[in-house]
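Overview (structure and organization)
As a plain string of letters, each chain reads:
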Amino acid sequence: MIEVRNLTKYYGSLCAVNGVSFTVGDGEIVGFLGPNGAGKTTTIRILTCFHPASAGSATVAGHDVFTESMAVRARVGYMPESVPLYVEMRVREYLRFRGKIRGLDRDTRERSIARVTERCWLTDVIDRPIGHLSKGYRQRVGLADALLHNPPVLILDEPTIGLDPTQIRATRALIRELAEDHTVMLSSHILPEVEATCRRLIIINKGQIVASGTPAELRERITGGSKIIVEIKAPAEQAATAIRKLDGVRAVETHADGDWCSLAVSSDSDRREAIFRLAAQHDWPLRELRRDVATLEDFFVKIVAGARDAHSVAHTTGDQQR
Amino acid sequence: MRNTIAIMERELFSLFFSPIGYIVVAGFLLITGVIVLVTGSIAPGKPATLRSVFDFTPYVLTIIIPAISMRTISEEYRSGTIETLTTAPVTDTQFVIGKYLAAMIFYTIMLAGTLVYLVLMMIYGNPDVGASLASYLGLLLLGASFTAFGVFTSSLTKNQIVAWMLGMVPLMLFVWFAAFIVQHAQGGLRTAFQKINVLRHLDQFNRGLITTESVVFFLATAVFFLFLTTKVVESRRWR
């Protein structure tokens with residue numbers, strides 16, 4: 001549905017997106033994740049025909065975003081990040097206007113407005129001026145607008161930013177529901193957000209894709225580095241030496257805290273049972289024994305930080321050469 | 001066509017919704033009213049003609065028309081609605097023409113407010129209606145050309161006041177000092193300035209003459225600036 005090849009965008013001399021390639025299949029729901037300024041919005045704006053790319057190409061619903069811009073625009077429902085609206089208009093007037101410029105005839109337009117207002121919980125505010133609505137309601141007006149012409153592709157830029165927790169849940173549920181009959185691409189800089197709604201994640205940083213895959217796949221890539229956290233009442237050195245002797249233990253970090261000491265045990269496999277037996281054998285009281293499962297959040301932070309380090313290294317060597 | 005009309009309707013809605021629209025209309029009607037009063041256009045014993053009003057109006061319009069057109073495109077940039085508009089299946093030309101037509105309709109409605117003086121004259125005297133209608137046609141065409149310039153300046157910035165200034169200053173220089181410029185220019189330059197002298201063209205209409213040259217002049221400048229506007233809107237995408 002969406003196919004992006006080597007997309008590059010420069011703003012003056014600043015490279016916002018650098019050779020990004022990915023595809024989003026029919027009916028997929030994909031999260032586009034990255035820290036602020038990673039190039040998410042730029043990529044999305046190219047896909048929605050707001051900006052042309054500096055290099056590379058992209059097709060949406062089988063049409064090239066540059067040469068067949070009108071066909072793409074007719075098939076995409078887009079909600080920009082800041083949800084710009086005409087504040088002086090009432091919700092119904094606004095949706096009517098949007099329906100008109102999307103080429104919906106009067107009957108279809110009125111039916112579509114009824115459908116999207118119900119779906120986005122706007123029925124209560126349909127005759128209120130948009131300027132009087134709260135951020136949450138405006139966000140829903142933006143979403144209603146994106147759904148108005150029932151497009152096969154939905155592109156949502158930060159759809160839940162600025163909403164309260166209840167609204168976030170409701171919006172997530174709505175997006176999941178929409179994914180049943182639409183191809184959805186949404187962006188966010190908050191990982192739990194995309195993890196909760198998307199089946200596949202694309203992580204972008206500094207204008208480049210640093211990882212992509214299902215949340216499970218991404219998580220798998222980091223569980224190898226999992227740790228066991230032990231808090232034990234024992235002399236720190238003695239406990240550490242004993243644990244190091246266990247099979248599969250690679251390293252132990254200790255941190256003494258009065259009579260107690262806490263140990264972070266890196267191991268290839270889950271060694272909790274062995275640690276428990278060891279403690280029982282030495283009669284060391286144990287108050288905590290848990291496996292510190294790396295979260296996707298850690299992964300996200302790690303990749304983003306990693307990419308940043310690599311970037312700064314590249315910069316320093318570049319400077320030295322100069 | 002439907003897109004152009006939809007954009008025009010929406011823009012008109014905003015123009016009539018904003019206080020600026022009403023202030024502009026009130027300001028224009030007040031000034032023309034004062035001109036009628038000061039020039040003694042409606043007074044016993046005077047010839048029943050609105051000539052002096054028509055002579056003064058272009059000076060006022062250099063300020064008023066940019067105030068009508070200033071918000072058309074700049075406001076879309078400021079509020080960010082340009083993003084939802086240009087990602088909908090609307091061409092840049094439809095967008096620009098829709099905006100332009102809205103400003104033109106607003107201007108026409110405002111200008112129609114001054115018809116009251118013509119009607120008063122027809123009740124109490126015997127004015128040359130044909131010549132007055134020619135003058136109105138002249139003002140409409142002048143408005144068409146000024147509005148196109150105003151929409152063009154509105155496309156250059158996201159700030160309405162900047163758009164107003166950018167529209168007003170060149171128009172003022174051009175209209176207020178037209179006679180001076182023509183007088184001091186020499187040779188070919190002088191002929192060129194005479195050709196594009198807005199007041200000379202308008203004067204034709206005020207004499208009751210509708211010449212092809214003047215009609216084409218106003219329409220051609222309007223088309224020229226609308227073309228430039230679409231180019232500006234297009235080029236802003238690349239930034």
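As shown above, the structure is provided for reference.
Because the structure is a prediction, the values reported are computed rather than measured.

We now examine the packing of helix α8 (residues 129-154) of chain B against helix α12 (residues 198-206) of chain B. Residue and element names in this part refer to chain B. Following both chains from N to C, one finds α8 and α12 inclined at 155°, their axes separated by 7 Å at the closest point. On the basis of their axis angle, the class for α8 and α12 is roughly antiparallel. In this structure, α8 contributes Ala-131, Ala-134, Ser-135, Leu-137, Gly-138, Leu-139, Leu-141, Leu-142 and Phe-146 to the contact, and α12 contributes Val-198, Leu-202, Phe-205 and Asn-206. Split by residue class, the contact of α8 with α12 holds 10 nonpolar, three polar and no charged.

The partner chain A presents 31 residues to the 27 residues of chain B that form the contact. Counting each side, the surface lost to burial between chain B and chain A is near 2,600 Å², with a carbon and sulfur contribution of 60%. By the criterion of area lost to chain A, the three top residues of chain B are Arg-10, Glu-83 and Pro-89 of chain B, representing 24% of everything that side buries. Between the two partners, chain B and chain A, sit four salt bridges. Put simply, Arg-71 of chain B and Glu-88 of chain A hold a salt bridge, and the shortest N to O gap is 3.9 Å. The interface formed by chain B and chain A holds 12 residue pairs in polar contact (both at pLDDT 80 or more) in total. Within the residue set of the side of chain B that touches chain A, elements represented by two or more residues are α1 (2-17), α4 (71-79) and α5 (81-86) of chain B. In terms of residues, the side of chain B that touches chain A owes the most to one element, α1 of chain B, which gives nine residues. Of the residues contributing to the side of chain B that touches chain A, the split by class is 10 nonpolar, nine polar and eight charged.

This paragraph deals with the sheet that holds strand β5 (residues 63-64) of chain A. Through backbone hydrogen bonds, the strands of a sheet pair up, either in parallel or in antiparallel fashion. Residues and elements named next belong to chain A. Spatial strand order, β2-β1-β4-β5: four strands in an open sheet with antiparallel pairing. Every other strand in the sheet has two partners, leaving β2 (14-24) and β5 as the edge strands with one partner each. In the sheet, strand β4 (residues 55-60) pairs with β5 via two bridges, with the strands oriented antiparallel. Across the sheet, Thr-59 pairs through a bridge with Asp-64, a residue of β5.

Okay, empty space enclosed by the protein next. Applying the stated criterion across every chain, the model contains six cavities of 30 Å³ or more. In this structure, the largest cavity spans a volume of roughly 80 Å³. Lining the largest cavity are 14 residues, and of these Val-76, Tyr-78 and Arg-102 of chain A together with Thr-87 and Ala-88 of chain B lie nearest its centre. Listed by contribution, the elements that provide at least two residues to the lining of the largest cavity are α2 (69-75) and β6 (76-79) of chain A. Its residues assigned to classes, the lining of the largest cavity comprises six nonpolar, four polar and four charged.

Another point: the side chain of Glu-88 of chain A. Turning to its location among the elements, Glu-88 of chain A is positioned in the loop between β6 and α3 (91-101). Overall, the relative accessible area of 15% leaves Glu-88 of chain A in the buried class. A polar side-chain atom of Glu-88 of chain A sits 2.3 Å from a polar atom in the side chain of Ser-14 of chain B. Residues within four places of Glu-88 of chain A in sequence aside, it is in contact with Arg-10, Phe-13, Ser-14, Phe-17 and Arg-71 of chain B.

What counts and what doesn't
Residues numbered from 1 in each chain as written. Chains lettered and ligands numbered in written order. Predicted model: local features only at pLDDT ≥ 70, side-chain atom pairs only at ≥ 80, totals over all residues. Heavy atoms only, no water. Axes fitted to C-alpha atoms, helices over the stretch in contact; angles between N-to-C directions. Helix = DSSP H or I, 4+ residues; strand = E, 2+ residues; numbered from the N terminus. Parallel < 35°, antiparallel > 145°, perpendicular 65-115°, else oblique. Contact = heavy atoms within 4.5 Å. Nonpolar A, V, L, I, M, F, W, Y, C, P; charged D, E, K, R; others polar. Buried area = accessible area lost by both parts, 1.4 Å probe. Salt bridge = Lys/Arg side-chain N within 4 Å of Asp/Glu carboxyl O. Polar contact = N/O pair within 3.5 Å; in protein donor to acceptor, adjacent residues only side chain to side chain. Pairing = 2+ DSSP bridges. 1 Å grid on protein atoms, 1.4 Å probe; cavity = no way out; pocket = protein on both sides within 12 Å on 5 of 7 lines; lining within 4 Å. Points joined across faces, edges and corners; volume = space filled by probe spheres on them. Buried < 20%, exposed > 50% of the residue type's maximum accessible area, 1.4 Å probe, protein only.

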